[in-house]
Amino acid sequence: MAFYDGLFETLGLREWCDAGSSGGPMTMAQLLARKSGVGGEDGAPAPATPFLQTPFPSLDALNEACPAVTRTRDMTDGVENAFLAIKDPLKVVLDPITQPLSWALNGSLSVFETVPWFILIPLLAALVWYASRSIGLVAFVIVSFLFFGFIDHYIYAVQTLSIIFVCTLICVALGVPLGIAMSRSDAMQRGMIPVLDMLQTLPTFVYLIPLIFLFSVTEPKLYGIAIILYAIVPVVRLTDLGIRLVDKDVIEAADAFGMTDRQKLWGVQVPLALPNIMAGVNQTIMMSLAMVVIASLVSAPGLGVLVLRGIRNLELGVGLVSGFGIVLLAVLLDRVTKAALSRINVSQRA
Amino acid sequence: MTQDPIISIKGLYKIFGPDAKSKIALVQNGMGKDELLETHGHVLGLRDIDIDIAQGKVTVIMGLSGSGKSTLIRHLNRLIDPTAGEVVVNGEDVLQYDETRLRALRQQTMSMVFQKFALLPHRTVLENAGMSRRVRGEDQDTADAEGGKWLDRVGLGGNGGQYPHQLSGGMQQRVGIARALASDSPIMLMDEAFSALDPLIRTDMQDLLLELQNELHKTIVFITHDLDEALKLADHLVILKDGAIIQQGEPQHILLNPADPYIEDFVSDINRARVLRVRSVMQPPHTNGFDFSGTVDGNATLESLIELSGGDTNCCYKVADDGIDIGVLDMKDLVRALVPARPSSENGVEAR
């Protein structure tokens, strides 16, 4: 019958196999096989499997020969059940911890939404001026937001901006101390790097799957966590790198003059690593912007919602215009943070 | 050396490697640097170093790169911890210090000047100069006042508001010196402080250092690979090779009585007339049959004497210090001293 029958026969496990037979629903492959009349259960003799078509001894293939072996489907079921089993205790812990994130996101959204456009735009312009001291950039920001307003995308753009604002702040607040800790301990660095690698390479949708089970889809912290997990990586990495790259001679001088660790950290290492840390913040902003579209699947407001509408309803124009809006926002944020970064660089280094 | 040394290094060993402690015995039994590296994979940094550093004097530690001189100076303020041995500063073994006392030592007793300046690039020159004060927790005004005072002293009074990268190398090192002086510590460690500078600037800086030293009488430990610099600055010269001291003593003495072919090679290239002083080549005072052409100072260089005598080797001079006769100089001795001598045991070579 099945290819691996012989294996279980020779191992003398036939009885164990049959005893463990649980039946269970058929897989699609089994169904198709039965439909086309191939396979054992009709009584028709199965043709011998040619050598070149030897199936990989996977769970499903082994299950065919020995029903006691679990199928892959049962394995994923197991993962699901395990997750569901720890879900409730996990929720008891995580829910209160992450609740402030919901408040922050909601609070920031309502502030950004209630401040009228004729106040918010000058405010943003002033902020850009403070960070970059560049007239051109300020003009670019004002024109962009007037354009958003003109095509009735202003409120969406502001919502997206609000989410990025909160998430970036939290990324910096968590990521910089984490990076500092990594730079001070090699063990910590060895432990963190695989985690960071995983966060960076995990497909973005995969973040959402467990989060959907943990929190209700209507809660802002759901997308907040997803964005933060995805976007925190560069700021952690570059803080660690920046501090490790600080000139060894300067560190030695700091030691030779008897600086305490704290004096060294805040007086020498962090200021000298600041260009790298700022580069990390820039990357963090860019990555949270990338995540905003995906986060709109789980009720994140903003331009992402429009992109999603474009995809779902095949409204080509809506999708393209809002997509362009996200690009515009990205360029804007990138230019402003880069300008701020270069200002730091000039005031510090040769 | 009559007074007690302010720093005394005794039996210092440094071996770099994962299991340095266990290799000490091998080195003490005479295993060399190359053999240790080849058979045990450990690098011998320093071997049995004994130096007494006198208060108020300039002690120069000289050696080529890889001789362990920068490693040695870092043992004094424990930027590097030794594998074995003692470093006694003001009568206390600094190796027994805990972190707090070590920090106090670095803040109060020893300051350091670095080859690559190592100024804080994000602070102004004035802030850099006052850094040691600020590290100690003194207020902004004191730090700026002290920093400014020493910046003036090294000739950078007007540059306080600039950033280090806006200054030339020589000016940056002046800031480095001002920073070390502003800490008001009795001991100054200078790690190849002038090696990164142009020759002309370097001469300026050496003169500046001597001028400051005449006034301040700090205990200076100076590292260099340049013999001319060493001879110019040193009251006490220590020559290192492969992590071990091969000769130490008064520089004039080493020049006239090199203990080792290695040192002979070293000293053969320098301008002896400019470096040697009359007191080192004179004979004890006597009057038999000499017709003195004049009186010279004991600290005059041979070069100045050759100029004075017009090259006449028949001249003879009375040597005096503050009007007291201390010896007699025959020009023939002087000329003989200009040719490097072969080392011989009867010269009473001081080698440890």
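Our subject is the structure that appears above.
Visitor: Sorry if this is basic, but what is going on with the overall build of chain B here?
Guide: Summing up its helical and strand segments, chain B has 16 helices and 13 strands in all. Taken against the 2.2 N^0.38 rule, which gives 20 Å for 352 residues, the C-alpha radius of gyration of chain B at 23 Å falls within 12% of a compact globule. Once the C-alpha set of chain B is aligned to its principal axes, its extents read approximately 70 × 55 × 35 Å. Scored against the burial criterion, the 352 residues of chain B give a buried share of 40%. In chain B, once contacts between residues fewer than 6 apart in sequence are set aside, the share between residues at least 24 apart is 68%.

Visitor: It is not clear to me how the overall build of chain A should be interpreted in this structure. Could you clarify?
Guide: When helices and strands are tallied, chain A shows 15 helices and zero strands. Taken along the three principal axes of its C-alpha coordinates, chain A extends 85 × 60 × 45 Å. The proportion of buried residues among the 350 residues of chain A is 33%. At a minimum sequence separation of 6, the contacts of chain A that also span at least 24 residues come to 74%.

Visitor: Where do I start with the nonpolar core in this structure?
Guide: Note on soluble globular proteins: their nonpolar side chains tend to be buried together. A226(A), I227(A), V60(B) and A178(B) are the most contacted members of the largest nonpolar core, which has 158 residues in total. Within the second largest apolar cluster, five residues are counted, among which are F8(A), L62(A), A65(A) and V69(A).

Visitor: Any chance you could explain the sheet that holds strand β3 (residues 58–62) of chain B here in plain terms?
Guide: Strands in a sheet are paired, the pairing made by backbone hydrogen bonds, and the direction either parallel or antiparallel. All names here are of chain B. Strand order in the open sheet formed by six strands is β6-β7-β8-β3-β9-β10, and the pairing between neighbours is mixed. Two strands bound the open sheet, and with one partner strand each, they are β6 (110–113) and β10 (244–249). Here the average twist between neighbouring strands, direction ignored, is 15°. Those strands touched by helix α3 (residues 69–76) are β3, β6, β7 (187–191), β8 (219–224) and β9 (236–241), and its axis lies near 155° from that of β8.

Visitor: What should I look at first to understand the environment of P258(B) in this one?
Guide: Note that P258(B) resides in the loop between α11 (251–256) and α12 (261–268). Classification of P258(B) as buried rests on a count of 25 C-beta atoms within 10 Å.

Visitor: What should I look at first to understand helix α14 (residues 303–312) of chain A in this one?
Guide: Given 3.6 residues per turn, any residue in an α-helix points the same way as the ones three and four places further on. Among the residues making up α14(A), those that are buried are L303(A), G304(A), V305(A), L306(A) and V307(A). Positioned one or two residues after α14(A), L314(A) has a phi angle of 55°, which is positive.

Visitor: Please clarify how the interface of chain B and chain A should be interpreted in this entry.
Guide: Note on interface size: it is often stated as the accessible area lost on association of the parts. Between chain B and chain A, the residue contacts involve 18 residues of the former and 17 residues of the latter. Secondary-structure elements contributing two or more residues to the side of chain B that touches chain A are α4 (99–109), β6 and α6 (131–135) of chain B. A breakdown of the residues in the side of chain B that touches chain A according to their chemical character gives eight nonpolar, seven polar and three charged.

Visitor: Teacher, can you tell me more about the environment of L26(B) here?
Guide: With respect to the element layout, L26(B) can be found in helix α1 (residues 24–28). Residues L26(B) and H42(B) lie 16 residues apart in sequence; the distance between their C-alpha atoms is 11 Å.

Visitor: I keep staring at the environment of V278(B) and nothing clicks. Help me out?
Guide: All names here are of chain B. With respect to the helices, strands and loops of the structure, V278 is situated in helix α14 (residues 278–281). In sequence terms V278 and Y317 are 39 residues apart; their C-alpha atoms lie 9.9 Å from each other. Those residues in contact with V278 that lie beyond four places of it in its chain are V296, G298, A300, L302, L305, V319 and L329.

Visitor: Please clarify how the sheet that holds strand β5 (residues 92–93) of chain B should be interpreted in this entry.
Guide: Residue and element names in this part refer to chain B. As summarised here, the arrangement of the four strands in space is β2-β1-β4-β5, forming an open sheet in which the pairing is antiparallel. In this open sheet, the two edge strands, each paired with only one partner strand, are β2 (43–54) and β5. Bridge analysis of strand β1 (residues 5–16) against strand β4 (residues 84–89) gives five bridges, and the strand direction is antiparallel. Of the residues in β4, the one forming a bridge with I9 is V87. Where α3 meets the sheet, it contacts β1, β2 and β4, and its direction lies at approximately 55° from that of β2.

Visitor: Looking at this model, I keep getting lost on unusual backbone geometry. Mind explaining?
Guide: For residues that are not glycine, phi is negative in most cases, and the peptide bond is trans in most cases. Residue and element names in this part refer to chain B. Non-glycine residue H217 carries a positive phi angle of around 50°. With respect to the secondary-structure elements, H217 resides in the loop between α9 (199–216) and β8. Notably, D242 is not glycine yet its phi reads approximately 50°, a positive angle. Along the polypeptide, D242 turns up in the loop between β9 and β10. Here D242 falls in the partly exposed class, since 18 other C-beta atoms lie within 10 Å of it.

Visitor: Help me out: how do you make sense of the pairing of strand β11 (residues 294–297) of chain B in this one?
Guide: Consecutive side chains of a regular strand alternate in pointing toward one face of the sheet and then the other. Of the pairings in the sheet, the one linking β11(B) to strand β12 (residues 316–321) of chain B comprises four bridges and is parallel in character. Bridge pairing in β12(B) links D297(B) to A320(B).

Visitor: Please explain the packing of helix α8 (residues 154–184) of chain A against helix α13 (residues 261–295) of chain A as it appears in this structure.
Guide: In helix packing, the relevant descriptors are the interaxial angle and the interaxial distance, both defined with respect to the helix axes. Residue and element names in this part refer to chain A. At a closest axis distance of 9 Å, the pairing of α8 and α13 adopts a crossing angle of 140°. As judged from the angle between their axes, α8 and α13 are oblique. Crossing of α8 over α13 shows right-handed handedness. Along its contact with α8, which presents T160, I163, I164, C167, T168, C171, V172, V176 and I180, the element α13 presents L265, I277, V281, T284, I285, S288, L289 and V292. Looking at the contact of α8 with α13 residue by residue, the class counts come to 13 nonpolar, four polar and no charged.

Visitor: What is the right way to read helix α7 (residues 135–150) of chain A from this model?
Guide: Between the first and last C-alpha of α7(A) there are 22 Å, a value that for 16 residues agrees with the 22 Å anticipated at 1.5 Å per step. Phi turns positive, to about 60°, at D152(A), one or two residues after α7(A).

Visitor: Hey, could you run me through the pairing of β6(B) in this one?
Guide: Residue and element names in this part refer to chain B. Taking every second residue as pointing to the same face, both faces of β6 are buried, with M110 and M112 on one and S111 and V113 on the other. In this sheet, β7 lies alongside β6 in parallel orientation, the contact comprising four bridges. Of the residues in β7, the one forming a bridge with M110 is I187.

Visitor: What's the story with the packing of helix α6 (residues 117–132) of chain A against α7(A) in this structure? I'm lost.
Guide: Residue and element names in this part refer to chain A. Contact geometry of α6 with α7 gives a least axis separation of 9 Å together with a crossing angle of 155°. Classified by the interaxial angle, the pair formed by α6 and α7 is roughly antiparallel. The two elements α6 and α7 meet at a crossing, and its hand is right-handed. Contact residues: α6 offers W117, I121, L124, A125, V128, W129 and S132, while α7 offers L137, V138, V141, I142, F145 and G149.

Conventions adopted
- Residues numbered from 1 in each chain as written.
- Chains lettered and ligands numbered in written order.
- Predicted model: local features only at pLDDT ≥ 70, side-chain atom pairs only at ≥ 80, totals over all residues.
- Helix = DSSP H or I, 4+ residues; strand = E, 2+ residues; numbered from the N terminus.
- Rg over C-alpha atoms; globule rule 2.2 N^0.38 Å.
- Buried ≥ 20, exposed ≤ 12 C-beta atoms within 10 Å, placed from the backbone.
- Contact = placed C-beta atoms within 7 Å.
- Core = buried A, V, L, I, M, F, W, Y, C linked by C-beta atoms within 7 Å.
- Pairing = 2+ DSSP bridges.
- Axes fitted to C-alpha atoms, helices over the stretch in contact; angles between N-to-C directions.
- Nonpolar A, V, L, I, M, F, W, Y, C, P; charged D, E, K, R; others polar.
- Parallel < 35°, antiparallel > 145°, perpendicular 65-115°, else oblique.
- Left-handed = near helix turned anticlockwise from the far one by under 90°.
- Expected span 1.5 Å × (residues − 1).

In short, shape yes, function no, at least from these values alone.
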